[in-house]
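Observations on the model geometry
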Amino acid sequence: FHLIKRPRIGMNEPPLVPYQYPIIGHTYRLLYDAENFLKECREKYGEPFSLYVFGNVRTFTGVDSTPEVLRNSDVFDHSAGVNKTFPFTDIFEKFTDTKSSYMVRVVHEQVSGKISVYTSRMQKELVSGIEKFIGDCKEPKVIGNIQETLSRIVAKPVADVLLGEEGAKFEDIMVSFTTAEKALDKMRFAPEFLLYIHHSLYKFIAMLPLKVGWNPMTQHRDIFVQRCKPIIEERICQRKELGEKYIQKDDLLDFFISESGTDVVDDKLLNHLFGVTYMLVFAGINYGGRPELWNELYEEQLKIHNESNGYLSTEDVNKKMVKLDCFLKESFRHSSDIAMLPHTVVSNSYTFSNGTTVPKGRDVYLYSKDTAFNDKLYGETSNEFQPKRHITSFSNGKTVHSPATKVDRSFITFGGGKHACPGRFFAVNEIKICLHKLILKYNIRTESDKVVPSMKISSIKMPPNAGLIFENRN
Ligand code: HEM
């Protein structure tokens, strides 16, 4: 019987950390004290190591073994890892059968690859969103739910890129963009103790609503169809009339229409876009609690603003915002989850370069904090917030900086290897433009004038529940 069966560990497997209570294993400590617990395990047992969680053995990779997981995507499958505990694919299956490899290509080519086309539009939308949701702030204004406010500001430029100006003007589409991710949480009602019995039982219960025809995304889909169908119909009509003379519009909706004549913008893509807002919040909070950085960042933004007459080009964002880029990268590093990106072993087994072997079906989690705060990679100051660490100065006076979009073994916020996030160029671009405009316009601080620590739910970090004070600089 699965519940009382002791986990079986093969000969060369990563060490299974001993535990006291048979069924509970390491579940409690991982849920309630992940940060200290994983650190202790790493120090005592090296890496990778395994824990017994919810009736299953999970392996955790550290700084040296994580790149092996990211590099070998034919062995370690991220979507299989995610789908084991959350019916993500099943939720969206109803709407689209688009292959993820196709979506990855679209994001590479049509989103990240066309940033220069989008920069001016995003700028315009971000400025009007900042005006609408934060306002003039002649008197200092406390924004309590900063996460929601920033989501609303970011939703409009994102909608503009996806649906064009016509689609982005609808308020209910904006609301849908900012609430869709929360709607998914309704699917997390199945009690996790079922995992003790078997993960397929947990999944079966979690899937029940889908089986009886209830899907949390349906209402968003309805809003989308209601608002965008007329736009799609109009565009298809124009295409027919103008034939080869039709000039394709610079938004994803028109790209999809031209590719397949479909009336569907893939919801999976939309969900990924919410990542932007989360990271923006982390960046906002880090900035607010670090007054020592304000003047330097402000000076850089003011210089760029004056040189560009207030109108940023893609080159300004990519090449000139070096301090802001380093700040953002450092902010990503500090907001990195403790452990993330579950991958399931889909080949027969895998032997890590230190000789330990994980079998087929094993879930492997990246202990990302071991990478993000590693002294080997970041020196003894790895715990400090130092944006300048991403700049290397040479004896001839030249400096080179490692951009926030660069993925390597020391920076895994966007994953790595073949499946590294293809949307990162777009996401970083948008966050930088938004921060540039915010820094230029406001003095920003946290209510306590200190950095507010992130909230932690097991090994995942969430933006802190703290307000920011905005005050007009003039
Ligand atoms: C700050 C915001 C974002 C973060 C932190 C982020 C992070 C990630 C991570 C960690 C992965 C998994 C990589 C791996 O398995 O190694 C990923 C994959 C992906 N991301 Fe993002 N992402 C962000 C924004 C975006 C945006 C804006 C888009 C689309 C426009 C996007 C599209 C994708 C896609 C399509 C994949 C799947 C890649 C594949 O399977 O090959 N992401 N992202």
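These numbers were taken from a predicted model, which means no experiment stands behind them.

The rules behind these values
Residues numbered from 1 in each chain as written. Predicted model: local features only at pLDDT ≥ 70, side-chain atom pairs only at ≥ 80, totals over all residues. Pairing = 2+ DSSP bridges. Helix = DSSP H or I, 4+ residues; strand = E, 2+ residues; numbered from the N terminus. Axes fitted to C-alpha atoms, helices over the stretch in contact; angles between N-to-C directions. Parallel < 35°, antiparallel > 145°, perpendicular 65-115°, else oblique. Left-handed = near helix turned anticlockwise from the far one by under 90°. Contact = placed C-beta atoms within 7 Å. Nonpolar A, V, L, I, M, F, W, Y, C, P; charged D, E, K, R; others polar. Buried ≥ 20, exposed ≤ 12 C-beta atoms within 10 Å, placed from the backbone. Domains from an automatic or database assignment. Core = buried A, V, L, I, M, F, W, Y, C linked by C-beta atoms within 7 Å.

Turning to the sheet that holds strand S2 (residues 56-61), a few remarks are in order. Here five strands make up an open sheet; going across it, the order is S1-S2-S8-S5-S3 and the pairing mixed. The outermost strands of the open sheet, each flanked by one partner alone, are strand S1 (49-53) and strand S3 (76-77). Where strand S5 (residues 340-345) lies against strand S8 (residues 363-366), three bridges are found, and the strand directions are antiparallel. Looking at S8, one finds that Met340 is bridged to Leu366.

Each pair of packed helices can be described by the angle between their axes along with the distance between the axes. Where helix H17 (residues 322-334) meets helix H20 (residues 424-441), the closest approach of the two axes is 11 Å, and the angle between their N-to-C directions is 115 degrees. Considering their axes alone, H17 and H20 lie roughly perpendicular with respect to each other. Viewed along their axes, H17 and H20 form a crossing whose handedness is right-handed. Note on element contacts: H20 touches H17 through Val428, Ile431, Lys432, Leu435 and His436, opposite Leu324, Asp325 and Leu328. Of the residues contributing to the contact of H17 with H20, the split by class is five nonpolar, one polar and two charged.

Along the chain, Ile457 falls in strand S12 (residues 455-457). Using a count of 10 C-beta atoms within 10 Å as the deciding quantity, one classes Ile457 as exposed. The spacing of Ile457 and Lys398 is 59 residues in sequence and 43 Å in space, taken between C-alpha atoms.

Time to look at the sheet that holds strand S11 (residues 442-446). Pairing between the strands of a sheet comes from backbone hydrogen bonds, and it takes one of two forms, parallel or antiparallel. The strand order across the open sheet formed by three strands is S4-S14-S11, and the pairing between neighbours is antiparallel. Single-partner strands in this sheet number two, and they are strand S4 (141-143) and S11. Going across the sheet, the axis of each strand differs from the next one's by a mean of 25 degrees, ignoring polarity. As paired elements, S4 and strand S14 (residues 468-472) share three bridges and run antiparallel to each other. Of the residues in S14, the one forming a bridge with Lys141 is Phe470.

Turning to the domain arrangement of the protein chain, a few remarks are in order. Domain annotation for the protein chain reports domain 1 (1-93 + 337-373) and domain 2 (94-336 + 375-409 + 412-472). Contact residues are listed per partner, giving 35 residues for domain 1 and 40 residues for domain 2. Contributing elements (two or more residues each) for the side of domain 1 that touches domain 2: helix H1 (27-32), helix H2 (34-45), helix H3 (66-71), helix H4 (78-85), helix H5 (88-93) and helix H18 (368-372). Residue classes in the side of domain 1 that touches domain 2 are distributed as 18 nonpolar, 10 polar and seven charged.

Attention now goes to the nonpolar core. Counting residues in each nonpolar core, the largest one holds 86 residues, and the members touching the most others are Ala159, Ala339 and Cys434. When residues in this core are grouped by element, the largest group, 11 residues, is from helix H8 (residues 146-168). Lining this core are residues from two domains, each supplying at least three of them: domain 1 (1-93 + 337-373) and domain 2 (94-336 + 375-409 + 412-472).

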